[in-house]
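Letter by letter, the chains look like this.
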Amino acid sequence: MDRPARIAILGASGYTGAELVRLIATHPGMEVAALTADRKAGMDMAEVFPHLRHLDLPKLCRISDVDFSGIDLAFCALPHATSQEVIRDLPRDLKTVDLSADFRLRDPAVYAEWYGHEHLAPALQPEAVYGLTEYYRDEIARARLVACTGCNSATGLLGLLPVVKAGVVDLDEIIIDLATGVSGAGRAPKEGTLHTEVSEGFHAYNIERHRHTAEFDQEFSLAAGRDVTVTFTPHLLPQNRGILATIYVKGAPEEIHKVLAEAYADEPFIVVLPYGEAPSTRHVRGSNFCHIGVVRDRRDGRARIFSALDNLTKGSSGQAVQNANLMLGLPETQGLMMAPLFP
Ligand SMILES: NC(=O)C1=CN([C@@H]2O[C@H](COP(=O)(O)OP(=O)(O)OC[C@H]3O[C@@H](n4cnc5c(N)ncnc54)[C@H](OP(=O)(O)O)[C@@H]3O)[C@@H](O)[C@H]2O)C=CC1
Ligand SMILES: CC(=O)N[C@@H](CCC(=O)OP(=O)(O)O)C(=O)O
């Protein structure tokens, strides 16, 4: 293409939508052509997100008002369930990157089990490619519809997939404990994300059943070639961005570190820390990097794998742009090599 790709962002008045706009603002291969909203349709982006005031952006409109004939690729940053209804009605040849959970689970029956309702666009599921770029980049480059991973799922999968694939841990004894920033819950007001409910405290949520467990089971089972089920508990961190997963595995820590370092040696966004060091969310904030560390338990030699990323970049919008780059034939890292924001 001899011009920047024309991009529509559906759900631009949400957190991941704003992050997409921030990333595309300095992306040489993309330009924002349409932005949509629901309650905020008709407003200027500058009113909704004053930090984007310097940009010359189209007004927020309804999805039905977008002329998709002039769009090269759409990012769908809508709530799950809404997303599948919207994508079902988009032009069938429009390249689409979905940030929701709607097309991540390959089997619509598994989707129904975890999301509590029948899938509304099951006919599209076979063409959806799971958006974990480091594992599916060839399929993503050829795809029409890409389903980006959950932010929690991305954190756990990136930390553990090479190790599961290599068969160097006990696959029946995997525990993923994870803490996530509150922006993961989106911008729409909810009682559970009020300042008073989140600040000065720390709690686990969706303890018995978190829907990202289905993504873990799906991808670990595919990698291992047998059924793998993990124990997964997310916690809510009183901070805006960032996820840190602590993964407990039975296996030799130095071997696990070697497997990870080799698997990610050529990956532009995955940084495997020196053996014995653990990452921090503050070192990946605002960037598309994922930092992974392996530390030995001094008493029994068991390994803990740590994985940290920013839920709004590598966990969603950054991953989405990385996938869109591939789908548009652009360099995979284009527009994404910014350093983390520190302190
Ligand atoms: N936040 C995160 O860290 C991550 C989010 N995701 C997923 O990405 C998607 C977007 O998340 P996020 O940006 O956080 O969500 P937000 O709640 O912040 O934003 C949702 C967006 O969707 C619009 N919207 C809501 N309902 C409708 C509707 N019925 N029709 C059309 N538009 C609608 C909203 O418009 P308006 O504001 O005008 O109502 C808003 O623009 C979700 O599926 C989420 O699960 C995935 C990974 C990480
Ligand atoms: C803090 C918080 O609530 N986080 C969300 C994850 C957001 C995400 O990745 O979402 P989707 O699977 O919905 O796309 C959660 O745990 O459900």
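Everything numeric here is computed off the predicted structure, so don't read it as measured data.

Peer 1: Help me understand the site of ligand 2 in this model?
Peer 2: Looking at ligand 2, the residues that line it are His80, Ser100, Ala101, Gly150, Cys151, Asn152, Thr180, Val182, Gly184, Ala185, Pro234 and Leu236. Elements supplying a minimum of two residues to the shell around ligand 2: α6 (151-166) and β10 (231-236). Classifying every residue of the shell around ligand 2 gives 6 nonpolar, 6 polar and no charged. Composition of the shell around ligand 2 by domain shows at least three residues from each of domain 1 (5-150 + 314-327) and domain 2 (152-310).

Peer 1: What exactly am I supposed to notice about helix α1 (residues 15-25) here?
Peer 2: Because the α-helix completes a turn every 3.6 residues, residues three or four places apart line up on one side. The element α1 is largely enclosed, with a buried count of 9 among its 11 residues. Here α1 has its buried residues at Tyr15, Thr16, Gly17, Ala18, Glu19, Leu20, Val21, Leu23 and Ile24. Those residues of α1 hidden inside the fold are in contact with β1 (5-10), β2 (30-36), α2 (45-48), β4 (73-76) and α10 (313-327).

Peer 1: What am I meant to see in the environment of Leu244 here?
Peer 2: Tracing the backbone shows Leu244 in strand β11 (residues 243-249). Among the residues examined, Leu244 registers 23 C-beta atoms within 10 Å and is labelled buried. Between the C-alpha atom of Leu244 and that of Ser280, which follows or precedes it by 36 residues, the distance is 7.0 Å. Those residues in contact with Leu244, other than ones at most four positions away along the chain, are Leu178, Ala179, Thr281, Phe306 and Ala308.

Calculation criteria
- Residues numbered from 1 in each chain as written.
- Chains lettered and ligands numbered in written order.
- Predicted model: local features only at pLDDT ≥ 70, side-chain atom pairs only at ≥ 80, totals over all residues.
- Near = placed C-beta within 6 Å.
- Helix = DSSP H or I, 4+ residues; strand = E, 2+ residues; numbered from the N terminus.
- Nonpolar A, V, L, I, M, F, W, Y, C, P; charged D, E, K, R; others polar.
- Domains from an automatic or database assignment.
- Buried ≥ 20, exposed ≤ 12 C-beta atoms within 10 Å, placed from the backbone.
- Contact = placed C-beta atoms within 7 Å.

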